[in-house]
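# Structural overview
Single-letter residue listing:
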Amino acid sequence: MTESIFHPKPVDELTFTDDGMFQEVLRNPEICAELVERLLHVRVNHIEYPELEKTIAPYYTTKGVRLDVYLKDTDKIIDVELQSYPQDALGKRTRYYQSMIDMDSLMKGQDYSELKDSYILFICKRDPFKDEREKHYGLPCYTFKNTCSENPAVNLNDKSLKVIYNASAYNEEKDEKVKAFLHFIHTNEPGKDDFTNRLSALVEQIKDNEKFRRDYAAMNLHDRDITRAAKQEGLRQGLSQGLAQGASRAKIEAAQNLWTNGVSQEIIAQSLGLPLAKVAEIINGKQSGVSVP
């Protein structure tokens, strides 16, 4: 996270898609189950919110990645993520989350043959996929599972599924309930749908919760500390790079001045500690940047 994109909202301006609010709303098991059933078209019997195994949690938190909503059902594990702005390497991010979920299950004593069905569900406000011409594909939903390239009928049957919704294409969605939800994500307008109206009402209710307000303030303070530390480190690195570039530019100017005053290339190279070939490049006008070693 960088300071240029870290602009936390006041609590009273939060919407369902904001970090902190989304997670808090889905801490309601009934709401969470209904959302999962609507978007994944699977039956949810009950909801658990497990914590990551303590022995592996530090390895994932140090990567700056945290699961938005991690939940378990009787026969499945589901990770629900909301992406409000485009992020790089979405595919590898889903792979990373998948590994986190599987490792958590194995560390808790499961054999790999006992791994539950897993679902990685991303809800994106914008289309995350483009073709080679940088044109968005425009689908409201992208579903990925492992199949055989030589024969798509052959399924690896690894019991994992990745579903990524693009809320900006809500008008293209055929399922009316999914369409209503994506419309809500894209516009923050609940419309006439009962579920999205309940989500909207719950957001307003949570804003008045004093514990949430304290927790949200604490979360923003933590993120500000991370941002401040990152900025300071960036300044230190920038200063170091600037000094190196300045020294390199000074060598280029010195070599040019010495040559103008009749000093040979060999003496210039020895005096400035530069390779003879680099001195030749400078003198011939091919080296005007700051990449002199």
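Coordinates for the structure precede this section.
Structural notes, computed from the coordinates. Bear in mind the structure is a predicted one, so any value in this text is a computation, not a measurement. (Residues numbered from 1 in each chain as written. Predicted model: local features only at pLDDT ≥ 70, side-chain atom pairs only at ≥ 80, totals over all residues. Heavy atoms only, no water.)

## Topic: the sheet that holds strand β2 (residues 76–83)
Which entries qualify depends on this criterion: A strand pair is defined by DSSP finding two or more bridges across the two strands. By definition, any uninterrupted DSSP run of H or I lasting at least four residues is a helix, any uninterrupted run of E lasting at least two residues is a strand, and each is numbered from the N terminus. Between the N-to-C directions of two axes lies an angle of 0 to 180 degrees, each axis being a line fitted to C-alpha atoms and, for a helix, fitted only over the stretch in contact.
Taken together, the five strands give an open sheet; going across it, the order is β1-β2-β3-β5-β4, and neighbouring strands pair in mixed fashion. Strand pairing shows two members of the sheet lacking a second neighbour, β1 (69–72) and β4 (141–144), which therefore form its edges. Looking at each pair of strands side by side, their axes are set apart by 15 degrees on average, direction ignored. With eight bridges joining them, β2 and strand β3 (residues 117–124) adopt parallel strand pairing.

## As for the side chain of aspartate 127
Stated formally: Burial status follows relative accessibility: with a 1.4 Å probe on protein chains alone, a residue under 20% of its type maximum counts as buried, one over 50% as exposed, and anything between as partly exposed. In this count, Lys and Arg are taken as positive residues and Asp and Glu as negative ones, while His and the chain termini are left out. We define a salt bridge as a contact between a side-chain nitrogen of Lys or Arg and a carboxyl oxygen of Asp or Glu at a distance within 4 Å. Contact criterion: two residues are considered in contact whenever any of their non-hydrogen atoms come within 4.5 Å of each other.
You can see aspartate 127 is positioned in the loop between β3 and β4. Notably, aspartate 127 is buried but unbridged: the nearest opposite-charge side chain belongs to lysine 130, and the N-O separation is 9.2 Å. When near neighbours in sequence (up to four residues on either side) are disregarded, aspartate 127 contacts His136, Tyr137, Gly138, Leu139, Tyr142, Asn166 and Ser168.

## A few points about unusual backbone geometry
Negative phi is the rule for most residues except glycine; trans is the rule for most peptide bonds. At glutamate 134, a residue that is not glycine, the phi angle is positive and equals roughly 65 degrees. Secondary-structure assignment places glutamate 134 in the loop between β3 and β4.

## A few points about the packing of aromatic side chains
So the rule is basically this: Each Phe, Tyr or Trp ring, with Trp reduced to its six-membered ring, pairs with another whose centre is within 6.5 Å; inter-plane angles below 30 degrees give stacked pairs, above 60 give edge-to-face pairs, and intermediate values give tilted ones. Working rule: Lys NZ or Arg CZ, within 6 Å of ring centre, within 35 degrees of ring normal, means a charge sits over the ring.
The final tally for this structure, using the stated rule, is nine aromatic pairs. The structure contains a cluster of three or more aromatic residues connected by ring pairs, namely Phe16, Phe22, Phe181, Phe184 and Phe195. Here the guanidinium or amino end of arginine 27 rests over the ring plane of tyrosine 49, the centre of that ring lying 4.2 Å away.

## What about the nonpolar core?
Here is the rule we go by: Residue types Ala, Val, Leu, Ile, Met, Phe, Trp, Tyr and Cys, when buried and joined through side-chain atoms within 4.5 Å, form a set referred to as a nonpolar core.
Ranked by size, the top nonpolar core spans 42 residues in total, and within it Phe16, Val25, Leu35, Val80 and Phe181 carry the most contacts. At seven residues, helix α2 (residues 29–40) tops the list of elements feeding residues into this core. With residues near it in sequence (within four places) discarded, phenylalanine 181 still touches Phe16, Leu35, Arg38, Leu39, Ile123, Phe195, Thr196 and Leu199. If you look at the next biggest cluster of nonpolar residues, it comprises 12 residues, including Tyr97, Ile120, Cys124 and Ile164.

## So, a nonpolar patch on the surface
Convention followed: The patches reported here contain residues having more than 30% relative accessible area and no salt bridge. Joining distances are 9 Å for like charges and 5 Å for nonpolar side chains (Val, Leu, Ile, Met, Phe, Trp, Tyr). Note on areas: Shrake-Rupley with a 1.4 Å probe; residue coverage comes only from the protein chains shown.
Taken together, the side chains of Met103, Leu106, Met107 and Tyr112 define a hydrophobic patch exposed on the protein surface, amounting to about 400 Å² of accessible area. Topologically, leucine 106 is positioned in helix α4 (residues 90–107).

## Quick look at the packing of α2 against helix α5 (residues 176–187)
What describes two packed helices is the angle between their axes and the distance between those same axes. Definition in use: Two helices crossing with the near one rotated counterclockwise from the far one by less than a right angle form a left-handed crossing, whereas a clockwise rotation gives a right-handed crossing. Gly counts as polar in this scheme, as do all residues outside two lists: the nonpolar Ala, Val, Leu, Ile, Met, Phe, Trp, Tyr, Cys and Pro, and the charged Asp, Glu, Lys and Arg.
Contact geometry for α2 and α5: axes closest at 9 Å, N-to-C directions at 115 degrees. Here α2 runs over α5; the crossing is left-handed. Between α2, through Leu35, Arg38 and Leu39, and α5, the contact on the second element is made entirely by Lys177, Val178, Ala180 and Phe181. Classifying every residue of the contact of α2 with α5 by side-chain character gives five nonpolar, no polar and two charged.

## Observations concerning the environment of glutamine 83
Relative to the helices and strands, glutamine 83 resides in strand β2. Take glutamine 83: its relative accessible area is 5%, and that puts it in the buried class. Separated by 39 residues in the primary sequence, glutamine 83 and phenylalanine 122 place their C-alpha atoms 7.0 Å from one another. Once residues lying within four places of it in the same chain are set aside, the contact partners of glutamine 83 are Leu90, Phe122, Ile123, Cys124, Lys125 and Pro128.

## Brief notes about the pattern of salt bridges
According to the stated counting rule, one finds 13 salt bridges in the structure shown. Notably, a salt bridge pairs aspartate 12 with arginine 213, separated by 3.1 Å at the nearest N-O pair. In this pair, aspartate 12 sits in the segment before α1 (21–25) while arginine 213 sits in helix α7 (residues 210–260), placing the two residues 201 residues apart along the sequence. Using a relative accessible area of 26% as the deciding quantity, one classes arginine 213 as partly exposed. The partner of aspartate 131 in a salt bridge is arginine 133, and the shortest N-O contact between them spans 3.5 Å. The class for aspartate 131 is buried, based on a relative accessible area of 12%. On the basis of relative accessibility, which here comes to 64%, the residue arginine 133 falls in the exposed class. Several salt bridges share partner residues, and in doing so they unite Glu34, Asp194 and Arg198 into one network.

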